[in-house]
There are 2 protein chains.
Amino acid sequence: MVDGVLSDLQINDVVHATIRQSVAVAQKLEEQTGEPFIHLEFGIPGLPACRYGVEAQIEALRGGIASVYPNIAGCADLKQAGSRFVKAFLNLDVAPEGIVPTVGSMQGSYNLMLEASQLTQGKDTILFINPGFPVQRQQTRILGIKSEAFDIYDYRADRLRDKLEEYLQKGNIAAMIYSNPNNPAWICLTEDELRIIGECATKYDAIVIEDLAYMGMDFRQDLGTPGEPPYQATVARYTDNYVLMLSGSKIFSYAGERIAVMAFSDKLYRREYDELRRRYNIARCGDAFVLTYLYANSSGTAHSAQIALAAMMNAAVEGRYNFVHETAEYARRAARTKEIFVRNGFHIVYDRDMDQPVSDGFFYTVGRHGLTDEQLIKRLLRCGIVAIALVTTGSNQNGLRVCVSRINTDSEFEELDRRLQLFNTLTD
Amino acid sequence: MVDGVLSDLQINDVVHATIRQSVAVAQKLEEQTGEPFIHLEFGIPGLPACRYGVEAQIEALRGGIASVYPNIAGCADLKQAGSRFVKAFLNLDVAPEGIVPTVGSMQGSYNLMLEASQLTQGKDTILFINPGFPVQRQQTRILGIKSEAFDIYDYRADRLRDKLEEYLQKGNIAAMIYSNPNNPAWICLTEDELRIIGECATKYDAIVIEDLAYMGMDFRQDLGTPGEPPYQATVARYTDNYVLMLSGSKIFSYAGERIAVMAFSDKLYRREYDELRRRYNIARCGDAFVLTYLYANSSGTAHSAQIALAAMMNAAVEGRYNFVHETAEYARRAARTKEIFVRNGFHIVYDRDMDQPVSDGFFYTVGRHGLTDEQLIKRLLRCGIVAIALVTTGSNQNGLRVCVSRINTDSEFEELDRRLQLFNTLTD
């Protein structure tokens, strides 16, 4: 039946199936069997939306905001709130000017990479520090932007510098992009590694795009007290060449409303580029991002969602809403399912940050010695479990990404255990 | 003082100032003089948002929608409502599958032009039937897509076919784009002209992107009764190679929430392109638009805004909300201000559709014999009136675009009259 569905959906290579294809495979098998799958493939928030956002958004709509174009640079409230948020949880000084809302971080990275590739003649390539979110690489393909990538698995700590320089020395890297905590591996770059990235970015004049979609979710320490250390680790301490991507989707479980902010360093926001002046008659990097790229892409992002994010950030900054404690729920689910996987003979693929085991969180990675990715995925499908292969995230490792957001109740954990026991009885 | 502000804002050529630059000039002059301007430059809805949308959006947020990623192809409710809306007001059959929400029509045209330019090797150029919305042309510049354009002023009726064929015969035109009613000229293409465009699109296999931002607002006839003629004129009656852009911004005064739908003809949605299969492994035009272009651009559009647009379209289809009568307010303002301009010595530039005077509506065009655009704009600024030059919209005509959305009260009309009388006393 699995082979039949793959064939129906024209998926020749299950290992390279995208997230959406994997969803479709599971749905079709659910229809045919009447049996619900355990969904580990898709990173949907598994928590209710932060109520401070919902309340503020409703109030804004009642006040008539729906007819009013948002300021293309972002509502003043949100720009101010973003600046406060970055100060409270990252201990960074970013002027409100540099806080720019986007239609999710998806629109942010799309336009940041496009702009980065147009800033300087000859700097036309984006470097992906993988594994990563597959769609970001796809963005460069759609836009016709060149890209390079490597898997950080073999290049942790000091080895990272040589690897980065190998690419950066060529002089064609416009920007580097990675997520931290990492989707899919949940590795967290150490301060030493972030220093290396920052120093390389400055030395070779490349912009670092740091995706903080899962900010604060390194649960090995409590990063949730505003204005007090420990703070979320960030490359911003080591270079001025940065833009941070702060999405409301996971931090505030606000994925439905497609709202994020980009935080430009003051220096980068104000930096002038001759190429921007020549092409668009707007020289400042941040102004061009807003008035050229975002304006032409969507003329801003939904007004009421901006008000929602401003309210949620302010609630977090003022200690009324602890987003780290709320999302710690994911760590509980990760710990419990990891134990089930390991007990049934699986192992964690990206298992350590230097001397520490990786944090529990939204994602982790599992592999199974002796099985190819194709065997692993197909046997799991036969047991009613769906997940995507690490290779689709730019990883060179065998294994799968597991997302814990949709597995929650005791009976779901027990069912996972039962199905993995079943898995151990299968042969091809 | 006008020259000082232009110099401060680094605007060397006031005739080519963008909308946003013109806004900035007026703001600065308002600050310096303490005197409010008459704003004719910016197309903001001047009416409250349709309450059916606001109510539905609030209810959806209360129901917890903010945490739930929208289906990337659009909410089922909105796809259904869009299909009904197109049937009721355009008398077209478009399957719900072909109704795809975007972050305003801005995101729609951006991605439609990008996709169109990638469908067929050699077809890499977008043809703009001008005058038009300046940002659409800017979208192709940002994306590095080739474009051609002509001003329709001298090519109405039968002359249109030869002009179109002059471009299309080269074989490199991927898509044609125009708005109807036209921003900025408020000309409405006749059925004959639309037939010509449609026949050419079929003959030369080019996609027509028809921007219906001001749908129903040809107030010379009442296009507001669902399911009954007369219907909004559309190229869709003359070709299957079309995508219509239906924005909530002006029709429902919902600009703040950045919500529109694209309506693909059934045939185009399902058409397979080898280039799409090769590049993205998704061959169908509509599927690729959704799963490749929109997914990578913003992962969909705000969930609650989709629910709002669905509710507003349903209210219109069911006769509970007459968007044509609501927006007819703009025609009243246009008629009144046109009379003031003409009485003070101005003339309407794009004044006729064949034998008929253009409709009153959201925009119109004015010129003044004997004055260059620069003289005209600067003298108006000196009188506290701001508007953009037609040349920035791809027109070859002298004159200005006037938007009536922000002029409303009796005292504002009287003030316009007073300032135009003052204008007539000025010399350079």
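Residue numbers here run from 1 along each chain, matching the order of that chain's written sequence. Following the order in which they are written, the chains are lettered starting with A and the ligands numbered starting with 1. Owing to the predicted nature of the model, reporting of local features is limited to residues with pLDDT of at least 70; listing and counting of side-chain atom pairs is limited to 80 or more, with chain, interface and lining totals taken over all residues. Side-chain measures were taken over the full set of non-hydrogen atoms in the model, leaving aside hydrogen atoms and water.

### Description of the sheet that holds strand β4 (residues 146-151) of chain A
Either a parallel or an antiparallel arrangement is found when strands of a sheet pair, and the pairing is made through backbone hydrogen bonds. All names here are of chain A. Strand pairing is assigned whenever DSSP detects at least two bridges linking the two strands. The helix count covers DSSP runs of H or I at least four residues long, the strand count covers runs of E at least two residues long, and both are numbered beginning at the N terminus. An order of β2-β8-β7-β6-β5-β3-β4 is seen for the 7 strands of this open sheet, with the pairing classed as mixed. The strands lining the two open edges of the sheet, one partner per strand, are β2 (99-102) and β4. Strand-to-strand twist across the sheet, computed as the mean angle between neighbouring axes with direction ignored, equals 20 degrees. Inspection of the sheet shows strand β5 (residues 173-179) paired to strand β6 (residues 207-211) by 5 bridges, in the parallel sense. Bridge pairing links Tyr178 to Glu210 in β6. Across the sheet, helix α6 (residues 134-143) touches β3 (125-130), β4, β5, β6 and β7 (242-247), and the angle it forms with β3 is around 165 degrees. Comment: axis = line fitted to C-alpha atoms, over the contacting stretch for helices; angle = value between 0 and 180 degrees taken between N-to-C directions. Here, residues are in contact when the closest pair of their heavy atoms is within 4.5 Å.

### Here's the deal with helix α2 (residues 19-33) of chain B
Residues and elements named next belong to chain B. Helix length check: α2, at 15 residues, gives a terminal C-alpha distance of 21 Å against a target of 21 Å (1.5 Å per residue), a fit within 8%. Among the residues of α2, Ile19, Ser22, Val23, Val25, Ala26 and Leu29 are the ones counted as buried. Angular distribution of buried residues about the axis of α2 spans 160 degrees; they occupy a single face of the element. In the core, the buried residues of α2 are packed alongside α1 (2-8), β1 (38-39), α15 (373-382), β13 (385-386), β14 (388-389) and β15 (400-403). Positive phi shows up at Gly34, right after α2, with a value of about 70 degrees. Any helix carries an expected span of 1.5 Å times its number of residues minus one. Whether a residue is buried, partly exposed or exposed follows from its accessible area with a 1.4 Å probe, protein chains only, as a fraction of its type maximum: under 20%, in between, or over 50%, in that order. This arc describes the spread of directions from the helix axis toward the C-beta atoms.

### Describing the pairing of strand β8 (residues 260-264) of chain B
For a regular strand, side chains alternate in direction, first toward one face of the sheet and then toward the other. Residue and element names in this part refer to chain B. Most of β8 sits inside the fold, with 5 of its 5 residues counted as buried. The side-chain alternation of β8 yields two buried faces, one formed by Ala260, Met262 and Phe264 and the other by Val261 and Ala263. Judged from the 4 bridges that link them, strand β2 (residues 99-102) and β8 form a sheet pairing that is antiparallel. Its bridge partner being in β8, Ile99 is matched across the sheet by Ala263.

### Points about the nonpolar core
In this structure, Leu164 and Phe252 of chain A together with Leu164 and Phe252 of chain B are the most contacted members of the largest nonpolar core, which totals 252 residues. When neighbours within four sequence positions are excluded, Leu164 of chain B is seen to be in contact with Leu127, Ile129, Phe150, Met176, Ile196, Ile197 and Cys200 of chain B. Counting 78 residues, the second largest nonpolar core, distinct from the first, contains Phe128 and Tyr280 of chain A together with Met113 and Phe264 of chain B. Definition used in this section: a nonpolar core is a set of buried Ala, Val, Leu, Ile, Met, Phe, Trp, Tyr and Cys residues joined via side-chain atoms within 4.5 Å.

### As for the relation of the copies chain B and chain A
Overlaying chain B on chain A yields an RMSD of 0.0 Å, the required transformation being a rotation through 180 degrees with an accompanying axial translation of 0.0 Å. Accordingly, the operation relating the two chain copies is best matched by a two-fold axis. Considering only C-alpha atoms, the residue of chain B closest to the rotation axis is Ile58 of chain B, which sits at 2.8 Å. The copies are overlaid by a least-squares fit using only the C-alpha atoms of residues whose pLDDT is at least 70 in both copies.

### Focus: the packing of helix α5 (residues 104-116) of chain A against helix α12 (residues 285-298) of chain B
Two elements in contact, α5 of chain A and α12 of chain B, have axes separated by 5 Å at closest approach and are oriented at 95 degrees. The angle between α5 of chain A and α12 of chain B falls in the class roughly perpendicular. Each of Met106, Gln107 and Tyr110 of chain A in α5 of chain A lies in contact with α12 of chain B, whose residues at this interface are Tyr295, Ala296, Asn297 and Ser298 of chain B. Grouping the amino acids of the contact of α5 of chain A with α12 of chain B by side-chain chemistry returns 4 nonpolar, 3 polar and no charged. Should an angle fall under 35 degrees it is called roughly parallel, over 145 degrees roughly antiparallel, and 65 to 115 degrees roughly perpendicular, with every other angle called oblique. Residue classes follow a fixed rule: Ala, Val, Leu, Ile, Met, Phe, Trp, Tyr, Cys and Pro count as nonpolar, while Asp, Glu, Lys and Arg count as charged, and any other residue, Gly among them, counts as polar.

### Overview of the interface of chain B and chain A
Counting residues at the interface gives 56 residues for chain B and 56 residues for chain A. Carbon and sulfur atoms supply 60% of the area that chain B and chain A bury against each other, a total of about 4400 Å² over both sides. Buried area is a sum: the accessible area each of two parts loses on coming together, probed at 1.4 Å, counted once for each and added. Taken as a group, Tyr69, Ile142 and Tyr295 of chain B account for 16% of the area that chain B buries against chain A, more than any other trio of residues on that side. Between Lys or Arg on one side and Asp or Glu on the other, a salt bridge is scored when a side-chain nitrogen of the former is within 4 Å of a carboxyl oxygen of the latter. Viewed at the interface, chain A and chain B are joined by 0 salt bridges.

### Brief notes about the sheet that holds strand β12 (residues 363-367) of chain B
Residue and element names in this part refer to chain B. Across the sheet, which stays open at both edges, the 4 strands sit in the order β9-β12-β15-β14 with antiparallel pairing between neighbours. Single-partner strands in this sheet number two, and they are β9 (347-348) and β14. Where β12 lies against β15, 4 bridges are found, and the strand directions are antiparallel. Each residue of the ladder has a partner; that of Tyr364, found in β15, is Val402.

### Quick word on the side chain of Ser67 of chain B
Along the chain, Ser67 of chain B falls in the loop between α3 (51-62) and α4 (76-90). Residue Ser67 of chain B is classed as buried on the basis of its relative accessible area of 9%. At 3.5 Å, the side chain of Ser67 of chain B forms a polar contact with the backbone oxygen of Gly64 of chain B. Leaving out residues up to four positions away in the same chain, Ser67 of chain B has contacts with Pro45, Leu47, Pro48, Ala49, Ser253, Tyr254, Ala255 and Gly256 of chain A. Whenever two N or O atoms come within 3.5 Å, that pair is a polar contact, provided that in protein one can donate a hydrogen and the other can accept it, and provided that, for residues adjacent in sequence, both atoms are side-chain atoms.

### Focus on the domain arrangement of chain A
All names here are of chain A. Split into domains, chain A comes out as domain 1 (2-46 + 327-423) and domain 2 (51-317). Domain start and stop points were drawn from an automatic or database domain assignment. Relative to domain 2, the C-alpha centre of domain 1 lies at a distance of 28 Å. In this assembly, 29 residues from domain 1 lie in contact with 26 residues from domain 2. At the junction of domain 1 with domain 2, the criterion picks out 2 salt bridges. Ionic pairing is found between Asp353 and Arg156, a salt bridge with its closest N-O pair at 3.0 Å. For the pair domain 1 and domain 2, the number of links is 12 residue pairs in polar contact (both at pLDDT 80 or more). Of all elements in the fold, only α14 (323-343), β10 (352-353), β11 (356-357) and β12 (363-367) reach the threshold of two or more residues within the side of domain 1 that touches domain 2. With 4 residues, α14 is the largest single contributor of residues to the side of domain 1 that touches domain 2. Residue composition of the side of domain 1 that touches domain 2, by class: 13 nonpolar, 12 polar and 4 charged.

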